[in-house]
Amino acid sequence: MQFYLARQLALEKQTYKLKIMIITKDLCKVFRTEEVETSALHDVNLHIQRGEFAAIMGPSGCGKSTLLNIIGLLDNPSNGSYIFNNTDVTKKSEKQRTHFRKGNIGFIFQSFNLIDELTVFENVELPLIYMGLTASKRKAKVNEVLDRMNISHRAKHYPQQLSGGQQQRVAIARAVVTDPNLILADEPTGNLDSSNGTEVMELLKELNHSGTTVVMVTHSVRDSEYADRVIHLFDGKVVSENKHKQIKREPIKEEL
Amino acid sequence: MIWNNLKIAFRNLWRNKIYSFINLFGLAIGLAGCIVLSLYVIDEYSYDKHNKNHSRIYRMNTSVKMNEFELTHPTSSPVLAATLIEDFPEVIDATRILQLFEPTVIEADGRGFTENNFYWTDPSIIKIFDLQILKGNGEQSLKNLYQVIISEKTALKYFGSIDVIGKQVKMDDSGESQAYTISAVAKDLPYNSHFHFHFLTSIKTHFKNEVTSYNNDGAYTYVLLDEKANAEAFVEKVPGLVKKYIEPSLKAYKKMSLEDLEKQGDYYRMFAMPLTDIHLHSNSIYELEKNGDINNVYIFLFSSILILLIACINFTNLSTAKSAQRAKEIGVRKSLGSSRKRLIMQFLSESILLSFVALLVALLLVELMIPIVNSLLDKELGELYYSTPNLILLFLGIALFTGLFAGSYSAFYLSKFDPAKVLKGNLKSGNGKSPLRQSLVSFQFCITIFLFVSTLIAHQQMEYIKQKNLGFDKEDLLIVRNVQKLRSKEVFKTAFLNSSYVIDASLSNNIPGSFYDGCSLWKTSGDDKKPYSTRFTTADFDFAKTMGIKMAKGHYFSKDRASDKAGLVVNEALVKDMNLTNPIGTVLKTPMGIKTIIGVVKDFHFVSLHMKIGSLIFLHPEGLPQSHLAIKFHKHQKKEVLNLLKYNWDQQASGFPLDYFFMDDKFASLHKSENNTMLLFSIFSILSILITCLGLLGLSSFTTEQRTKEIGVRKILGASNFSILKMLNKDILKWMLFAIIITSPLAWYIMNNWLEAFAYRTTIEWYIFIISGATAMILAMATISWQAWLATKKDPVEALRYE
Ligand SMILES: Nc1ncnc2c1ncn2[C@@H]1O[C@H](COP(=O)(O)OP(=O)(O)OP(=O)(O)O)[C@@H](O)[C@H]1O
Ligand SMILES: [Mg+2]
């Protein structure tokens, strides 16, 4: 019996491990400038499951963006460890992080961060170029994703010629064009009016339903209701994790 | 208001230290380079203008073409001066100068000095050249034979004082020592005079009887015109003198009229050259002193304008790039109600302030550069600099204009901004890719590449001339002058031949680079009765060996062959000139009698590399004077040979001063002025490259700063550092390629023309263009990549943090 339980536990652990995409252990981030030392994150322990839609909330300056950047492998933690897709990526070099990031993680920003000199098509194409895809493959993918985002009629336009909502749709298209496992969004609706905001949230929901893990920073309670779970940060610490509902969506995306 | 503007301007400049520094230094270096080059140009044009009569003085030049031999000399017949005064009422005075062919030794106070600037002249020189007599009676001082006027500096050098009236100096005159009595001391002519005398003595001392023949043409003749005279009419009348005075002697000696001469394609011309043209427009090998070159003046003038242009473009480019960066600030200011006029004033005061500070720095740089340029070019530019306040005024104007232009361009550009658009961030200027700015940069690179190419080609030409086979071996060759002064020059020579340091030694009357006398030759058979002109020299039996001169045909004089005495050795140029099909054994009539050619030497450069090799004959050495000893020694034994020389000279010379030189040094000094001009030119092309790169550095730091966000986004999307570097370099490479393609043919054309002026010239190699283009490209890429590399090092998160 005991043996059975132990085996059951081990099995559960293993399946849990498989189901978990992001594990942070005692994550700390300290920013040092000449005069001050800011502790942006303090002992953050998080588990985010594959296929989960997590929202991070908290007052301005509490470390949300910092956390998201570490999760997105744009930055290294000062202390603690970070396991991404069962790999310890805590102390990876910039080059290695870039390699992990490519095609696995998509970013969406509050200020869109589209490149002004490139057309909508070229903006969306960019990550594919860096992945080394051929031109014909790129074209097919970009057109497909622009279609999905309902923005293909604007492919030849420049970002300045689009409204904020349209720009954010392009940014989302750029984030998902590589079919990433994880989408990180930092206040994606921050610069949008409510109807455009809703549209973006619906898109994120759709992506999540088709199996993509989404981690989103937001100030809006309304937006956070789209998430399975809300993580509250305060002064660099996780203060509570409310589950909105049980995660039961299937199928979970294939291992990379 | 203005004060307030300046205050804000200063604060802005201070806040952007790197930008201000780059902009300031670029413009300062450009202005300084331009000022120094302008000084050089102004100085070259200042020659002989110190003379209050300068606009009324003309020199008589002769231009002759005989049998393919073309020469313009600055001299004419000594008779001409008197003739001009007689024939032309407008000529109120004339003076002649005769010069030593070789340096001679002058003894004073028991010491001897090698002297070159000893002139025979007429007393009228004092009036015409406005000489300042410091001691003695000017008018009377050249009245009698063997009186001499000494220059102030020479008096100080020889006697240590200028109280020298009545003292004597001794000069060698046709083998005899002749005493001259100092009758006056005159101020030296300023450095920017086309000649400088040390001693002036009466021409009567030289011509015991006044010359009456037009055959001699060795006198520098200057005339002074009346104040009311029509100078142009005079200049037009001068060529007519040939018909009246030269033709009779032409008929007498050569049995030819002027028409006959012209018919066979030759000519004899005379023309009057304004005094002020001599320095820049007269380049005969027989000038009293080496003159300047109008081409150099043009080149320097041109490059000074180019450098200034590069610097001004930089300044404008950087200012506009900077102001584009401030678009947001402008937008905010405008939306807050700042008037357009105020903004324009602000930009103008900023850029004018900067350009004036740059001028100040430039003036400091000029102070530093003047001594260097002076020592390179043997000039005294400092004096000119301080005595030409107008020049500074000119540059004040240029600085003001640059500041105004750059400032108003920015102001105009920015005041066009629609604040709404700017604030929305929809301004396309953000990427720093303004086509105007980029085309200006590529224009700068055109200039830079051009300067690069021309410097390289000019350098190659100089090297070519230096390396060119002289036809004799100038290395390890020591030349001793005045050996005729020794008790026995043969004993002297033998002393060297017996030394283990010495390979060979030879006595001769001339050595390559010295003055050669000329004479005429006639064929003795065939119909060809016309005279051929040639230079002649005498040298002992060891000459060809010592000099490393090769025989083309026949043999050189030998002691053991008595028949050589009636022989003649000629060079290949003469064989070609006289069209001798079978030179050995050809009998020629010479002023020294009938001679048979026994040998032909291969051509060697006996005058200068700037001239084509002319005809030359060697006379049998027996009984002829020899004044030089050439010593060929073993490599690296210079010091030993010198010691030997000093010892033997003291044994033989009875106090006569020793005068010697090394042939390779002499050739180096012949090319010194070219080399230094070249060096200066190289310095300025490097400066221009420096300024261009400085500008590019500033500009690319803006560009990358502007693109920080974009670079961050690209990196987040997975871009490698290399792809970022590639992206940032792509544009400039396109423009550079364009610049190279535009500039290369132009540079080729201009430099090809420049090379035409040389008798012997290098070919322009294609790889020069590749080298220049590649160097400019590498420099540009290095500049940009450095900035780009800094940008890629930035944390992408950081780049996106601030909007
Ligand atoms: N590169 C940095 N250097 C220094 N301090 C930093 C840096 N990045 C963030 N910080 C500091 O770390 C803390 C957390 O910043 P972070 O950007 O994560 O806040 P945030 O929760 O995203 O705030 P907001 O809601 O306003 O975006 C802040 O105090 C911030 O000042
Ligand atoms: Mg944030």
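Residues numbered from 1 in each chain as written. Chains lettered and ligands numbered in written order. Predicted model: local features only at pLDDT ≥ 70, side-chain atom pairs only at ≥ 80, totals over all residues. Heavy atoms only, no water.

By the naming in an unreviewed UniProt entry, chain B is ABC transporter permease, taken from Marinifilum breve. According to UniProt, the comment filed for chain B under the heading Subcellular location (unreviewed entry) is "Cell membrane". (UniProt positions renumbered as here; feature names shortened; annotations may be inferred.)

**Some words on the domain arrangement of chain B**
If you check the domain split of chain B, you get domain 1 (2–43 + 293–462 + 672–801), domain 2 (54–281) and domain 3 (482–658). For domain 1 of chain B and domain 3 of chain B, the distance between their C-alpha centres works out to 58 Å. (Domains from an automatic or database assignment.)

**With respect to the packing of aromatic side chains**
Residue and element names in this part refer to chain B. Inspection of the entire model under this criterion finds 30 aromatic pairs over all chains. A centroid spacing of 4.5 Å and a plane angle of 50° characterise the contact between Tyr40 and Phe300, whose relative ring orientation is tilted. Taken together, the residues Tyr40 in helix α2 (residues 17–45) and Phe300 in helix α11 (residues 294–325) connect sequence positions 260 residues apart. Each of the two residues, Tyr40 as well as Phe300, counts as buried. Chaining the aromatic ring pairs together yields one cluster made of Phe113, Phe118, Trp120, Tyr146, Tyr158, Tyr180 and Phe199. Across from the ring centre of Trp522, 4.7 Å away, lies the NZ or CZ of Lys589, which sits over that ring. (Phe/Tyr/Trp six-rings, centres within 6.5 Å; stacked < 30°, edge-to-face > 60°. Helix = DSSP H or I, 4+ residues; strand = E, 2+ residues; numbered from the N terminus. Buried < 20%, exposed > 50% of the residue type's maximum accessible area, 1.4 Å probe, protein only. Lys NZ or Arg CZ within 6 Å of the ring centre and 35° of its normal.)

**With respect to the environment of Lys530(B)**
Residues and elements named next belong to chain B. Looking at the secondary structure, you find Lys530 in the loop between β16 (517–523) and β17 (532–538). Accessibility expressed as a relative area gives 30% for Lys530, which makes it partly exposed. In this structure, the C-alpha to C-alpha distance between Lys530 and Ser520, residues 10 residues apart in sequence, is 9.5 Å.

**Observations concerning helix α21 (residues 638–653) of chain B**
Residues and elements named next belong to chain B. Taking 1.5 Å of rise per residue, 16 residues should cover 22 Å, and α21 covers 21 Å from first to last C-alpha, within 8% of that figure. Looking at α21, one finds that the buried residues are Val641, Leu642, Leu644, Leu645, Asn648, Trp649, Gln652 and Ala653. An end-on view of α21 places all buried positions within 160° of arc, on one side of the element. Exposed side of α21, more than 90 degrees from the buried face: Lys639, Tyr647 and Asp650 are the residues found there. Packing partners of the buried residues in α21 comprise β14 (477–480), α18 (489–497), β23 (628–633) and β24 (660–662). Of the residues trailing α21, Ser654 is marked for its positive phi of about 45°. (Expected span 1.5 Å × (residues − 1). Arc of directions from axis to C-beta. Contact = heavy atoms within 4.5 Å.)

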